[in-house]
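Given next are the chains, with one letter for each unit.
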Amino acid sequence: MTKYLVPSGYAEAEFTEKRSRFIGHVWQVESEDEARMRIEEMKKRYYDSRHNCWCYRLRTGGAERYSDDGEPQGTAGQPMLNVFQHEGVENVCCVVTRYFGGVLLGTGGLVRAYTQGAKLALDAAGISVVSRWVRAEFSCPYSLFERAKQETAGVDGMVEQVDYAADVTLHVLLCEEKISDFTTRITEITAGSSTVCVTDEVFQAVPMKR
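This section reports on the structure supplied with the text.

Scoring rules and cut-offs
Residues numbered from 1 in each chain as written. Predicted model: local features only at pLDDT ≥ 70, side-chain atom pairs only at ≥ 80, totals over all residues. Heavy atoms only, no water. Buried < 20%, exposed > 50% of the residue type's maximum accessible area, 1.4 Å probe, protein only. Helix = DSSP H or I, 4+ residues; strand = E, 2+ residues; numbered from the N terminus. Arc of directions from axis to C-beta. Contact = heavy atoms within 4.5 Å. Core = buried A, V, L, I, M, F, W, Y, C linked by side-chain atoms within 4.5 Å. Polar contact = N/O pair within 3.5 Å; in protein donor to acceptor, adjacent residues only side chain to side chain. Pairing = 2+ DSSP bridges. Axes fitted to C-alpha atoms, helices over the stretch in contact; angles between N-to-C directions. Phe/Tyr/Trp six-rings, centres within 6.5 Å; stacked < 30°, edge-to-face > 60°.

Quick look at helix α5 (residues 179-189)
If you check which residues of α5 are buried, you get Ile179, Phe182, Ile186 and Ile189. The arc that holds the buried residues of α5, viewed along the axis, is 100°, so those residues lie on one side. On its buried face, α5 sits against β7 (127-140), α4 (145-154), β9 (168-175) and β10 (197-207). Among the residues trailing α5, Ala191 stands out with phi positive, at a value near 55°.

Structure follows, in structure tokens:
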């Protein structure tokens, strides 16, 4: 089954290190052209900055590119790319902008700063799992409502909608390979009174719980 990680969306994060201002940006992208468009947008937006270092990592074709944009070789683009490699995140573009504050950071300081810029932006964006997901629904007594939500979260699922009537009905989104275990658990906690019914299958990105 195809399953991979991507940023949940666009985000930026900023911090200051020894008077240098660093602004990290992360996007989900689908092609090199889209990644380079984002990079050029930041270069124009922050035209007065000292550096706009960047990297991107794509699933299709396995393309990985980066640039130190004038920083000493190996101190910016590669450390940024390492963040996404470590997290297993693909289809991602990252730009870290630096406004020089007048204090040299040294090689180690630059590596740490650009790593932090990429990581903070990714944390702000969040990570989503792209996979085949199953939509399902089931009913249970109100007394088991919280337990049912816990069981859903326990298999990294998500409650999309709740209907309140004589019983409570949960509409959930579950990873395809976990539907069998989830069905068994719901049957157990409801003593066989509830049946999990699959209503749809979708291939999409769903945010991870961090």
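Some thoughts on the nonpolar core
Core analysis: the biggest nonpolar cluster contains 31 residues, and Met80, Phe84, Cys94 and Tyr114 have the highest contact counts within it. If one sorts the elements of this core by residue count, helix α3 (residues 106-125) sits on top with 7 residues. Apart from residues no more than four positions distant in its own chain, Cys94 is found in contact with His25, Val26, Trp27, Cys53, Trp54, Cys55, Met80, Phe84 and Ala118. Residues Ala148, Val168, Val172 and Leu174 belong to the second largest nonpolar core, which totals 16 residues.

A look at the side chain of Ser67
Within the element layout of this structure, Ser67 appears in strand β5 (residues 64-67). Polar contacts involving the side chain of Ser67 include one to the main-chain amide nitrogen of Asp69, which spans 3.1 Å. Ignoring sequence-local partners within four residues, the contact set of Ser67 consists of Cys53, Trp54 and Gly77.

Side note on the sheet that holds strand β6 (residues 92-99)
Sheet strands line up and pair through hydrogen bonds in the backbone, either parallel or antiparallel. Strand order in the open sheet formed by 5 strands is β2-β3-β6-β4-β5, and the pairing between neighbours is antiparallel. The open sheet terminates on both sides in strands that have one partner only, identified here as β2 (11-17) and β5. Sheet twist, expressed as the mean angle between neighbouring strand axes with direction ignored, is 15°. Where β2 meets strand β3 (residues 20-28), 7 bridges bridge the pair, whose relative direction is antiparallel. Paired with Glu12 across the strands is His25, a residue of β3. This element, helix α2 (residues 77-87), spans β3, β4 (51-57), β5 and β6 of the sheet and lies at about 35° to β4.

What about the side chain of Arg57?
Along the polypeptide, Arg57 turns up in strand β4. Classification of Arg57 by relative accessible area gives buried; the value is 15%. Beyond its immediate sequence surroundings of up to four residues, Arg57 is in contact with Ala63, Glu64, Leu81, Phe84, Gln85, Gly88, Val89, Glu90, Asn91 and Val92.

What to know about the environment of Gly109
Tracing the sequence through the fold places Gly109 in helix α3. For Gly109 and Lys18, which are 91 residues apart along the polypeptide, the C-alpha to C-alpha distance reads 9.8 Å.

Here we look at the pairing of strand β1 (residues 4-7)
Of the two faces of β1, the one lined by Tyr4 and Val6 and the one lined by Leu5 and Pro7 are each fully buried. Inspection of the sheet shows β1 paired to β7 by 4 bridges, in the antiparallel sense. What sits directly across from Tyr4, in β7, is Val130.

Brief notes about the packing of aromatic side chains
Following the criterion strictly, the structure yields 8 aromatic pairs and no others. A centroid spacing of 5.3 Å and a plane angle of 90° characterise the contact between Phe22 and Tyr114, whose relative ring orientation is edge-to-face. Highlighted residues: Phe22 in strand β3 and Tyr114 in helix α3, separated in sequence by 92 residues. Judged by its relative accessible area of 0%, Phe22 is buried. Exposure remark for Tyr114: the relative accessible area of 0% places this residue in the buried category. Relative to Phe182, the ring of Phe138 lies with its centre 5.7 Å away and its plane at 65°, an arrangement referred to as edge-to-face.

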